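Examining the three-dimensional arrangement
Below, each chain spelled out in residue letters.
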Amino acid sequence: MSRVAAPHVVNISDLRRLAERRLPRVVFDYIDGGAEGEKTLRENSRAFETVTFRPRQCVAVPQCDLRTDVLGTAVNLPFLLAPVGSSRMFFPRGEEIAAREAGAAGTIYVLSTLSGCRLEDVRAATKGPAWYQLYLVGGHEAARAGIARAKAAGFSALVVTIDTPVAGLRERDIRNGTRELVVGGLSQLPFLAQFLTKPGWLMDFWRDGGLMHFPNVVPPGRGPLPYLDVAAALEQTTVTWKDFRWIREAWGGPMLVKGVLTGEDARRAIDEGVEGIIVSNHGARQLDGVSATLRALPEVMTAVKGRADVLIDGGIRRGSDVVKALCLGARAVLIGRAYAYGLGAAGGPGVARAIEILRADVLRTLKLLGCPSVNELDRSFVDIPADWTRVERQFRHYELTN
Ligand SMILES: Cc1cc2nc3c(=O)[nH]c(=O)nc-3n(C[C@H](O)[C@H](O)[C@H](O)COP(=O)(O)O)c2cc1C
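Before going into details, it helps to say that this report is about the structure given with it. Given the structure is predicted, the values throughout are model-derived calculations rather than measurements.

Remarks on the packing of aromatic side chains
- Across all of its chains, the model carries eight aromatic pairs by this definition.
- Plain terms: the ring middles of Phe28 and Tyr341 are 6.4 Å apart, the flat faces sit at 25 degrees to each other, and that makes the pair stacked. With Phe28 in helix 2 (residues 25-32) and Tyr341 in helix 16 (residues 337-346), the pair connects residues that are 313 residues apart, well separated along the chain.
- Looking at Phe28, the relative accessible area reads 1%, which means it is buried.
- You can call Tyr341 buried: its relative accessible area is 3%.
- On the basis of an interplanar angle of 25 degrees and a centroid distance of 5.6 Å, the ring pair of Phe195 and Trp201 is categorised as stacked.
- Ring pairs connect the aromatic residues Phe195, Trp201, Phe205 and Trp206, which therefore count as one cluster.

See below:
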């Protein structure tokens, strides 16, 4: 019996537990942790708990349709795999493996700029659609080169992440010696013991070439960016609305903006001509104290008014969370940690298991709700806390007066 089959693994928390067992503390906490006091990390999940379902009973729905389309691309599932940087540190060829499993399930894989595998190899690994997530790390010329390569390789949309003007303070990373381990030398010595208890991961790590580079970030006249600690890399990635013009020209295809949390920014993004908006707080890894993404969704929906596809991520651990987000208007969701735990736990089978758990959850939830298709989910299937609609009303008022 596979290690990730039932009864060992029944839900995403079980995959998280297995990932914690296989990975050194510094890698597990890099996946699992959030910024500062992790308030937003907790809130992302709690927000889903405060929304309750209103099922339609005595309705026969023998077949349920999970298919939808996102920016005109047909997908078999209403969830995509979010960009997760340094996935290659979780499992050998991590990004290629995750992309392959997404494709096998008929959904989209979004590749991070800060990937350990070459974007061409990742594109070739999946038979499904793939999108490229852009950071301006390494400077504009490196970004232009990355965009050109992504276009040539066949990535079909560009996701511009806008919430990383500096890296969030990930306190767990500091305690685990992330920086010291990357820099090397004597300062890493106090942090090395954590690897000795994880021989399986250590063998995989060396087999896969040791500390990865960033092969998709190649500043002119230099080789691929070495593995700085991720915090330092993120500090060079400020993007402003002004950048959208040259990015759009360089890309020449559909674009999404990732990291929107307010109606104002959603409106601004649409003015810049994006086709998709991802309501995201970077999995609560950047500014601690921002609202849970689900809570921000109604305001963004009010601002967008159907002019772009709205997606959401953050805190999704069950298919019922996916369904709640769709009820509030999201076209689809992205999952981050849910599949990253699977990758860290067991590579490809772990990612496939995460996808299967969420797929089965969504299907069962639809049946229990008496709804035949993800495209027929709407607000009538949920109750949301009263103060959520107050924010929405305030934004409508703001729109009328601005
Ligand atoms: C380990 C890790 C690495 C991430 N790396 C990136 C990245 O390189 N680019 C990006 O736009 N978002 C990145 N994110 C954020 C995810 O794309 C996504 O917004 C977030 O994981 C969603 O929340 P969830 O993990 O609770 O599902 C990362 C998230 C995690 C957990």
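Some remarks on the pattern of salt bridges
- A full pass over the atoms with the stated rule returns 26 salt bridges.
- Residue Asp32 pairs with Arg16 through a salt bridge whose shortest N-O separation is 2.8 Å. Here Asp32, found in helix 2, pairs with Arg16, found in helix 1 (residues 12-22); they are 16 residues apart in sequence, far enough to count as distant.
- A salt bridge links Asp29 to Arg172; the nearest nitrogen and oxygen atoms lie 2.9 Å apart. With a gap of 143 residues between them, Asp29 in helix 2 and Arg172 in helix 7 (residues 171-175) connect regions that are remote in the sequence.
- Accessibility expressed as a relative area gives 6% for Asp29, which makes it buried.

Brief notes about the environment of Gly85
- Tracing the backbone through its elements, the reader meets Gly85 in the loop between strand 4 (79-81) and helix 4 (94-105).
- For Gly85, a relative accessible area of 14% translates into the label buried.
- With 28 residues separating them in the primary sequence, Gly85 and Thr113 have C-alpha atoms 7.2 Å apart.
- Leaving out residues up to four positions away in the same chain, Gly85 has contacts with Tyr30, Phe90, Ser112 and Leu114.

Here's the deal with the nonpolar core
- Membership of the largest hydrophobic core comes to 121 residues, with the highest contact counts inside it found for Ile247, Ile277, Leu294 and Leu377.
- If you tally residues by element for this core, the top one is helix 17 (residues 348-369), at eight residues.
- If we ignore the near neighbours within four places in the chain, the residues touching Leu377 are Val323, Leu326, Cys327, Leu366, Leu369 and Cys371.
- Counting residues in hydrophobic clusters, the runner-up holds 15 residues, among them Ala82, Val110, Trp131 and Leu334.

Let's talk about the state of the cysteines
- Tallied over the full model, the rule gives zero disulfides.
- The thiol of Cys327 is not disulfide-bonded; the next cysteine sulfur, from Cys371, is found 7.4 Å away.

Details of the site of the ligand
- Around the ligand, 21 residues are found, and the nearest of them are Pro83, Ser112, Thr161, Asp313 and Gly315.
- Isolated, the ligand exposes 600 Å² of accessible area, and the fraction of that covered by the protein chains is 98%.
- Most atoms of the ligand, that is more than half of them, are within 2 Å of grid points of the largest cavity.

Let's talk about the layout of surface pockets
- Reported here for the largest pocket is a volume of approximately 720 Å³.
- Forming the walls of the largest pocket are 31 residues, and the residues nearest its centre are Val26, Thr178, Arg179, Leu181 and Val182.
- The set of elements that each furnish at least two residues to the lining of the largest pocket consists of helix 2, helix 7, helix 8 (178-183), helix 10 (199-207) and helix 11 (230-234).
- No other element matches helix 8, which puts five residues into the lining of the largest pocket.
- Its residues assigned to classes, the lining of the largest pocket shows 21 nonpolar, four polar and six charged.

Examining helix 4
- With twelve residues, helix 4 extends 17 Å from end C-alpha to end C-alpha; this agrees with the ideal 16 Å at 1.5 Å per step.
- When you tally the buried positions in helix 4, you get nine out of twelve residues, the bulk of the element.
- Where helix 4 is concerned, the buried positions are Gly94, Glu95, Glu96, Ile97, Ala98, Ala99, Glu101, Ala102 and Gly103.
- Against strand 4, strand 5 (109-111), helix 5 (119-125), helix 16 and helix 17 lie the buried residues of helix 4.
- Once helix 4 ends, the next one or two residues include Gly106, with phi positive near 80 degrees.

Parameters at a glance
- Residues numbered from 1 in each chain as written.
- Predicted model: local features only at pLDDT ≥ 70, side-chain atom pairs only at ≥ 80, totals over all residues.
- Heavy atoms only, no water.
- Phe/Tyr/Trp six-rings, centres within 6.5 Å; stacked < 30°, edge-to-face > 60°.
- Helix = DSSP H or I, 4+ residues; strand = E, 2+ residues; numbered from the N terminus.
- Buried < 20%, exposed > 50% of the residue type's maximum accessible area, 1.4 Å probe, protein only.
- Salt bridge = Lys/Arg side-chain N within 4 Å of Asp/Glu carboxyl O.
- Contact = heavy atoms within 4.5 Å.
- Core = buried A, V, L, I, M, F, W, Y, C linked by side-chain atoms within 4.5 Å.
- Disulfide = S-S within 2.5 Å.
- Near = heavy atom within 4 Å.
- Areas by Shrake-Rupley, 256 points an atom, 1.4 Å probe, with all protein chains shown as cover.
- 1 Å grid on protein atoms, 1.4 Å probe; cavity = no way out; pocket = protein on both sides within 12 Å on 5 of 7 lines; lining within 4 Å.
- Sits in = over half its atoms within 2 Å of the grid points.
- Points joined across faces, edges and corners; volume = space filled by probe spheres on them.
- Nonpolar A, V, L, I, M, F, W, Y, C, P; charged D, E, K, R; others polar.
- Expected span 1.5 Å × (residues − 1).

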